[in-house]
Amino acid sequence: MAPAYVGRLAPSPTGAIHQGTARSCLAAWLDCRAHEGRLVLRIEDVDRPRCVPGAEAALIRDLTWLGLDWDEGPGAGNSKGPFRQSERTSGYRAALEALAARGRTFPCTCSRREVGARYPGTCRHGPRPDRPHPGAGR
């Protein structure tokens, strides 16, 4: 038996919904519904300085106005959350610590732009000596 299909909508509450967000959410919704899957709405609010008060509620209103619905998430009437990335930090930290304990992590000094869509392995054997680790001095 094939595993159940789960799709995700992950808008960022950084302002009014824009065409790219609407298009991405529509594509995810169509794909999930075509596969008779469950759709999760999880708010990408980890870039706190860019989050705009009231934008989450506006995103939810706009997605609903567009005719999109979801099976899990804010307004879906269930309690399988949390549905905001900022509320999931402890789980991510635990997963990272488990990976580190197995020697499956390494420091990387690359910028997001240098990493790109797929990590090229630049720092796999140690961080670049010409740059400090981005977390140093915190």
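All values reported here derive from a predicted model rather than from experimental measurement. (Residues numbered from 1 in each chain as written. Predicted model: local features only at pLDDT ≥ 70, side-chain atom pairs only at ≥ 80, totals over all residues. Heavy atoms only, no water.)

Participant: Talk me through the overall build of the protein; I want residue IDs and the actual numbers.
Facilitator: Helices and strands together make up the secondary structure of the protein, namely 4 helices and 2 strands. Its helices and strands in sequence order give the protein the pattern β-α-β-α-α-α, from N to C terminus. Its C-alpha atoms give the protein a radius of gyration of 18 Å, more than 25% over the compact-globule value 14 Å for 138 residues. With the principal axes as the frame, the protein shows a C-alpha extent of 50 × 45 × 25 Å. Of all 138 residues assigned to the protein, the portion counted as buried reaches 25%. Pairs at least 24 residues apart make up 65% of the contacts formed inside the protein by residues separated by at least 6 positions. Working note: accessible area of the protein is about 9,700 Å², and carbon and sulfur atoms make up 54% of it. Positive and negative side-chain charges in the protein, numbering 21 and 14 respectively, have mean positions lying 7 Å apart. (Helix = DSSP H or I, 4+ residues; strand = E, 2+ residues; numbered from the N terminus. Rg over C-alpha atoms; globule rule 2.2 N^0.38 Å. Buried < 20%, exposed > 50% of the residue type's maximum accessible area, 1.4 Å probe, protein only. Contact = heavy atoms within 4.5 Å. Areas by Shrake-Rupley, 256 points an atom, 1.4 Å probe, with all protein chains shown as cover. Lys, Arg positive; Asp, Glu negative; His and termini not counted. Charge placed at Lys NZ, Arg CZ, Asp CG, Glu CD.)

Participant: With reference to specific residues and values, describe the pairing of strand β1 (residues 6–9).
Facilitator: Residues Gly 7 and Leu 9 of β1 are buried on one face, while the alternating residues Val 6 and Arg 8, pointing to the opposite face, are not. Direction of pairing for β1 relative to strand β2 (residues 38–41): parallel, over a ladder of 4 bridges. In the sheet register, Arg 8 faces β2, and the bridge partner there is Val 40. Remark: the β1/helix α1 (residues 19–34)/β2 crossover connection has right-handed handedness. (Pairing = 2+ DSSP bridges. Right-handed = clockwise from strand over helix to strand, strands pointing away.)

Participant: With reference to specific residues and values, describe the packing of aromatic side chains.
Facilitator: The final tally for this structure, using the stated rule, is 1 aromatic pair. Ring centres of Phe 106 and Tyr 119 lie 5.9 Å apart, and the angle between their planes is 35°; on these two criteria the pair is classed as tilted. Of this pair, Phe 106 sits in the loop between α3 (89–101) and α4 (112–115) while Tyr 119 is found in the segment after α4, placing the two residues 13 residues apart along the sequence. For Phe 106, a relative accessible area of 35% gives the class partly exposed. (Phe/Tyr/Trp six-rings, centres within 6.5 Å; stacked < 30°, edge-to-face > 60°.)

Participant: So what about unusual backbone geometry? Which residues, and what values?
Facilitator: Even without being a glycine, Glu 36 presents a positive backbone phi close to 55°. Along the chain, Glu 36 turns up in the loop between α1 and β2. By relative accessible area, Glu 36 is classed as exposed at 76%.

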